[in-house]
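Descriptive structure summary
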Amino acid sequence: MPVTAEQLLERLQQALPAEVVDAANGQVCVDMLCIDVAPDNLLDTLQVLHDDPNLSFKQMSDLCGVDYATFGDAEWSTETGGSASFSRAVDANSIGTLSFSNNTGLPDSDQPRFAAVYHLLSLDHNMRLRIRCHAVDNDFPIVPSVTGQYACADWYEREAFDLYGILFDGHNDLRRILTDYGFVGHPFRKDFPLIGNVEMRFDPIKKRVVYEPVSIEPRVLVPRVIREDSRYVSDSVTDNADDAAEAS
């Protein structure tokens, strides 16, 4: 019998200290309980979640980084085709524009910018749990490495470091895993240019790979043709159209 998110929150409150999981810490998102844990409490919390027989979160299914720099910004609304949505790639005031400028500013916020998110699975109790750990320092984001509790976190943490620049204290081999060895920056950060900074190609004359400025030209991404698609018309609208056709 699956355990509901509310029942799981009660188990967490019984197993963990009050400062880790209080009555206000715990929200349900897409049928999954999500709790915030401070970096200082992360390792002890995961150890309890792993060892407590009423929880038994033995498996980590995923670990990822998040950049909340523009979280909630209306710029990312895609319900309209204006400068606040599809044209954001070429809007001079947009974050991560199609330009070579490094002066793109981020909105001021008193909230932590970076977070590491952990998805845990308990096969014994058919439960899933999401844990979010915010890095305190936005300029030097660092959270504890959890490879001691979950060995599979090794490559996950390297990926989060590579793409977001989040450092994992205690990781014994924190190197880039997806980008090139000489890559500059972290491509999933909100202030990283959408087209990147450089491009690479093999030079047949020099017999080696060379790096050059990006040659992509900025372009507007607004769709020029918007058609009615009958696949998304409700049955009632279709029936009314058929009735009107028969009456005529």
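Please refer to the structure higher up on the page.
The paragraphs below set out a description of the structure included in this document. All values reported here derive from a predicted model rather than from experimental measurement. (Residues numbered from 1 in each chain as written. Predicted model: local features only at pLDDT ≥ 70, side-chain atom pairs only at ≥ 80, totals over all residues. Heavy atoms only, no water.)

1. Details of the nonpolar core
The tendency in soluble globular proteins is for nonpolar side chains to be buried side by side. Counting 36 residues, the largest nonpolar core has L8, L12, L49, F57, Y118 and I131 as its most contacted members. Breaking this core down by element, the ones donating at least two residues are α1 (5–15), β2 (32–36), α2 (39–51), β3 (59–67), β4 (114–122), β5 (127–134) and α3 (153–164). With near-sequence residues (within four places) excluded, L8 lies in contact with V3, L33, L55, F57, M127, R128 and L129. (Core = buried A, V, L, I, M, F, W, Y, C linked by side-chain atoms within 4.5 Å. Buried < 20%, exposed > 50% of the residue type's maximum accessible area, 1.4 Å probe, protein only. Helix = DSSP H or I, 4+ residues; strand = E, 2+ residues; numbered from the N terminus. Contact = heavy atoms within 4.5 Å.)

2. Here's the deal with the environment of Q47
As for its placement among the helices and strands, Q47 is situated in helix α2. A sequence separation of 99 residues divides Q47 from V146, and the C-alpha atoms of the two residues are 9.6 Å apart. At a separation of 2.9 Å, a polar atom in the side chain of Q47 contacts the side chain of D51. (Polar contact = N/O pair within 3.5 Å; in protein donor to acceptor, adjacent residues only side chain to side chain.)

3. Some points on α1
The periodicity of an α-helix, 3.6 residues per turn, causes residues three or four places apart in sequence to face the same way. Taken together, the buried positions of α1 are occupied by A5, L8, L9 and L12. Within α1, the buried residues cover an arc of 100° as seen down the axis, which keeps them to one side. In α1, the exposed residues that point more than 90 degrees away from the buried face are E6 and Q14. Summarising the contacts, the buried residues of α1 are in contact with β1 (27–29), β2, α2 and β5. (Arc of directions from axis to C-beta.)

4. Some words on unusual backbone geometry
With a phi angle near 55°, S56 is a residue other than glycine that sits in the positive phi range. Tracing the backbone through its elements, the reader meets S56 in the loop between α2 and β3. A positive phi angle is found at N126, which is not glycine, with a value near 55°. Inspection of the secondary structure assignment puts N126 in the loop between β4 and β5.

The values reported here are purely geometric and, on their own, carry no functional implication.
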